[in-house]
Amino acid sequence: MSNQPQHRRRGDSTRQRSGRHLYRFLADEVDARWVLIGLAILLAGLGEALLLALINLAAEGIYAGEERWLLALAFGGVFAASAAAQWLVLSRSSDAVEGAIAGIKIRVAEKLRRSSLRVVEAQGGIDAYAPLTRIGVISQGTVLLVLAAQALSVLAFVCIYLALLSPASLVAIVAILAVTLPVLGAGYEGTRSLLQRAAAVEGRFFHRFGELVSGFSDVVMDRRLSDGLLADLGRISRESLDAKLAATERHVRDINFASSMLSLLMFAVMFAVPLTLGQDGGMSHELATAVLFLFGPVGELAAAIPVLGRFDAAVSDLYALEARLDHASAAADDLPPAVGPRGFERIELAGVGFHYDLADAAIGEASLGDKQTAFAVGPLDLTLRRGELVFIVGGNGSGKSTLLKLLTGLYRPAAGRVLLDGKAIADDARPAYRTLFATVFTDFHLFERLHGQPDVDPAAVNERLAELGLAGKTRYTAGGFTDLALSTGQRKRIALLAALGKERPILVLDELAADQDPPFRRRFYEEMLPALKEQGLTLVCVTHDDHYFHVADRVLRMRDGRLLEQGHGGSPGDGA
Ligand SMILES: Nc1ncnc2c1ncn2[C@@H]1O[C@H](COP(=O)(O)OP(=O)(O)OP(=O)(O)O)[C@@H](O)[C@H]1O
């Protein structure tokens with residue numbers, strides 16, 4: 001079982017109320033001195049309220065000469081302290097959040113590498129990891145979040161100041177804020193979910209947009225296809241626009257509401273309270289300045305709503321992704337060791353069965369109910385001996401690649417056993433077992449550099465590239481391959497080079513020769529494979545090249561997920 005590192009945050013947070021994600025992110029992920037930041041926020045708020053009081057004192061016009069200088073000095077001092085506090089809050093919190101984001105990115109990559117091939121296949125393409133790309137929203141949101149906290153602090157201190165000026169006004173202020181803040185809170189909730197929906201739709205847009213790029217040759221050749229694709233893009237875009245417009249409308253309504261409530265507050269403090277209590281209004285200009293001072297922080301709070309909503313949605317999507325990966329890695333094998341077993345005599349598949357279940361792939365709760373078997377292989381019985389050259393043949397979709405993934409330990413058998421030299425491979429031994437194999441599957445990926453081989457001599461790699469007919473096409477340097485935009489056949493040759501560089505005892509090649517030109521194909525079957533066998537490698541190759549079956553020691557045929565009886569070189573199992 002996986003021994004992945006434990007984190008303070010657990011992956012089960014996806015169903016929590018919105019806002020909680022934000023809180024958990026700050027509390028659990030961000031390594032900041034919150035007490036210090038909190039004190040600085042309070043200081044900044046207090047500073048604003050003091051500035052207000054000083055402005056009011058100066059406006060009274062009764063201080064002159066030395067006293068006015070003192071007021072000016074006090075203003076300067078408070079302003080400097082308040083600005084320093086704000087600088088401290090913003091720089092410390094931004095640094096801490098950036099640090100947390102950098103850590104999260106690596107943590108998600110670590111969780112992904114600990115999940116299984118089936119899960120990664122089932123997640124689909126890179127779109128599934130889009131929450132990781134939206135993490136930048138968190139950086140942008142941090143400043144606004146801090147400013148919103150500071151606005152709350154200013155609000156509190158200005159209210160205290162107002163209370164000191166006119167205790168009766170405090171009642172009106174508290175009543176109005178008691179209505180305004182929860183309404184803004186509810187507005188935040190709604191805006192957040194609308195923005196989250198818009199982000200999800202945006203993800204679908206980019207998926208479809210990706211099809212426009214990857215299928216471009218069809219797009220320019222087929223008007224009906226390109227019209228259909230564009231219509232689809234337009235529909236998705238409108239859906240995203242609708243969600244965004246709804247969010248904006250709600251936000252504008254919130255801002256409107258907040259400013260109306262402030263006007264009401266002004267009315268209450270300037271008219272309702274004095275008229276009701278029969279006050280003479282001598283304090284009114286100070287009260288008016290104080291109420292006007294509230295406009296800034298309340299406006300900042302209202303303006304922060306959509307950004308905080310995006311921040312919250314981004315964190316919540318990220319945690320949902322992590323929860324899926326946590327779920328997957330809990331059931332996945334450990335990481336393989338850097339160096340595994342080197343030698344073996346025989347590998348056996350004994351009654352091995354496997355099926356592609358939608359539920360196997362289910363890493364969220366949603367799909368657990370749709371258990372369906374898409375394709376099943378087995379029971380498979382096969383013995384592979386050291387030094388053999390085995391071909392696997394069969395029609396499209398007969399299960400050849402699935403067999404290779406079972407043989408190499410990439411898939412966990414649902415039935416039967418895989419035995420290494422007579423000993424069944426237990427789950428905890430499978431990662432080490434996998435290191436026996438170097439593979440080139442049909443959906444291989446060419447890494448830009450030979451990761452994990454830091455000491456590789458570029459000159460030696462370039463020599464091998466030349467042997468594979470790729471001199472002048474690409475070169476290997478300390479920075480990696482200079483060019484990988486090559487033909488499919490050429491890319492496959494590089495994949496072969498990379499696989500051989502791993503120096504594993506078994507080489508598994510899935511239709512490697514399929515895209516090669518006839519001279520290279522002949523060289524591959526008649527010279528390279530025999531030479532590799534001569535060097536002691538065990539080779540398992542999926543092929544459709546019946547011209548070269550004679551090269552193999554054995555040819556096995558797959559049909560409908562079953563291995564037919566084994567034949568010898570030149571005579572595949574069912575006599576085809
Ligand atoms: N990742 C997957 N998820 C779900 N089903 C899959 C997946 N990969 C393959 N299958 C199913 O398994 C069947 C066998 O696929 P497999 O790739 O093993 O066949 P193959 O013999 O290698 O075919 P080909 O010659 O076309 O490469 C396919 O028909 C497909 O329905």
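Bear in mind the structure is a predicted one, so any value in this text is a computation, not a measurement.

What counts and what doesn't
Along each chain, the written sequence defines residue order, and numbers are assigned to residues from 1. At least 70 in pLDDT is required for a residue's local features to be given in this predicted model, at least 80 for side-chain atom pairs to be given and counted, and no such filter applies to totals for whole chains, interfaces and linings, which use all residues. Orientation is described by axes fitted as lines to C-alpha atoms, over the contacting stretch for helices, and by angles from 0 to 180 degrees between their N-to-C directions. The helix count covers DSSP runs of H or I at least four residues long, the strand count covers runs of E at least two residues long, and both are numbered beginning at the N terminus. Any angle that falls under 35 degrees is termed roughly parallel, while one over 145 is termed roughly antiparallel, one within 65 to 115 roughly perpendicular, and all others oblique. A clockwise turn of the near helix away from the far one marks a right-handed crossing, whereas an anticlockwise turn of less than a right angle marks a left-handed crossing. Any pair of residues counts as being in contact when their C-beta atoms, constructed from backbone geometry, are within 7 Å of one another. Each residue gets a C-beta atom placed from its backbone. If that atom is within 6 Å of a molecule or strand, the residue is near it. In this classification, Asp, Glu, Lys and Arg are treated as charged, Ala, Val, Leu, Ile, Met, Phe, Trp, Tyr, Cys and Pro as nonpolar, and every other residue, Gly included, as polar. UniProt positions are given in the numbering used here, feature names are shortened, and annotations may be inferred rather than shown by experiment. To form a nonpolar core, buried Ala, Val, Leu, Ile, Met, Phe, Trp, Tyr and Cys residues must be joined through C-beta atoms within 7 Å. Comment: burial labels come from other C-beta atoms within 10 Å of the residue's own C-beta, placed from the backbone, where a count of 20 or more is buried, 12 or fewer is exposed, and between is partly exposed. We call two strands paired when DSSP finds no fewer than two bridges between them.

> Pulling in residues and values, what's your account of the packing of helix H2 (residues 34-60) against helix H6 (residues 136-165)?
The interhelical angle for the contact between H2 and H6, taken along N-to-C directions, is 45 degrees, at an axis separation of 8 Å. Taken together, the axes of H2 and H6 lie oblique to each other. As H2 runs across H6, the sense of the crossing is right-handed. Every residue of H6 that contacts H2 at Ile41, Leu42, Ala44, Gly45, Leu46, Glu48, Ala49, Leu52 and Ala53 is listed here: Ala149, Gln150, Ser153, Val154, Ala156, Phe157, Val158, Ile160 and Tyr161.

> I'd like a description of the site of the ligand, backed by residues and values.
In the neighbourhood of the ligand, 14 residues make up the surrounding shell, with Phe375, Asn396, Gly397, Ser401 and Thr402 lying closest. Counting only elements with at least two residues in the shell around the ligand, the list comes to strand S2 (373-385) and helix H12 (400-407). Per-element accounting of the shell around the ligand gives the leading share, three residues, to H12. Residue composition of the shell around the ligand, grouped by class: four nonpolar, eight polar and two charged.

> Can you lay out the UniProt feature "transmembrane region" (unreviewed entry) in the chain for me, pointing to particular residues and giving the numbers?
Residues given the UniProt feature "transmembrane region" (unreviewed entry) here are residues 34-57, 69-90, 143-164, 170-188, 255-275 and 287-308. The span residues 170-188 is 100% helical and 0% strand by assignment, and the distance between its end C-alpha atoms comes to 26 Å. Annotated as 100% helix and 0% strand, the span residues 255-275 places its first and last C-alpha atoms 29 Å apart.

> Could you give me a rundown of the nonpolar core, with the residues and numbers involved?
Among the nonpolar cores identified, the biggest contains 70 residues, and Ala148, Val158, Ala304, Leu308 and Phe311 are the most heavily contacted of them. Within the residue set of this core, elements represented by two or more residues are helix H1 (20-29), H2, helix H3 (66-113), H6, helix H7 (167-214), helix H9 (223-277) and helix H10 (284-331). Looking at which element gives the most residues to this core, the answer is H10, with 21 residues. Sequence-distant contacts of alanine 148, defined by excluding residues within four places in its chain, comprise Glu300, Leu301, Ala304 and Leu308. Among the nonpolar cores identified, the runner-up in size contains 52 residues, and Leu470, Ala498, Val508 and Leu537 belong to it.

> Report on the pairing of strand S11 (residues 554-559), specifying residues and quantitative values.
With respect to burial, S11 is a largely interior element, five of its six residues being buried. Here five bridges tie strand S3 (residues 389-394) to S11, and the two strands are oriented parallel to one another. Bridging across to S11, valine 390 finds its partner in arginine 554. Here two bridges tie S11 to strand S12 (residues 562-563), and the two strands are oriented antiparallel to one another. Residue methionine 558 lies in a different strand from S12, and its bridge partner there is leucine 563. Adjacent in sequence and paired antiparallel, S11 and S12 are bridged by two residues, among which aspartate 560 carries a positive phi angle near 50 degrees.

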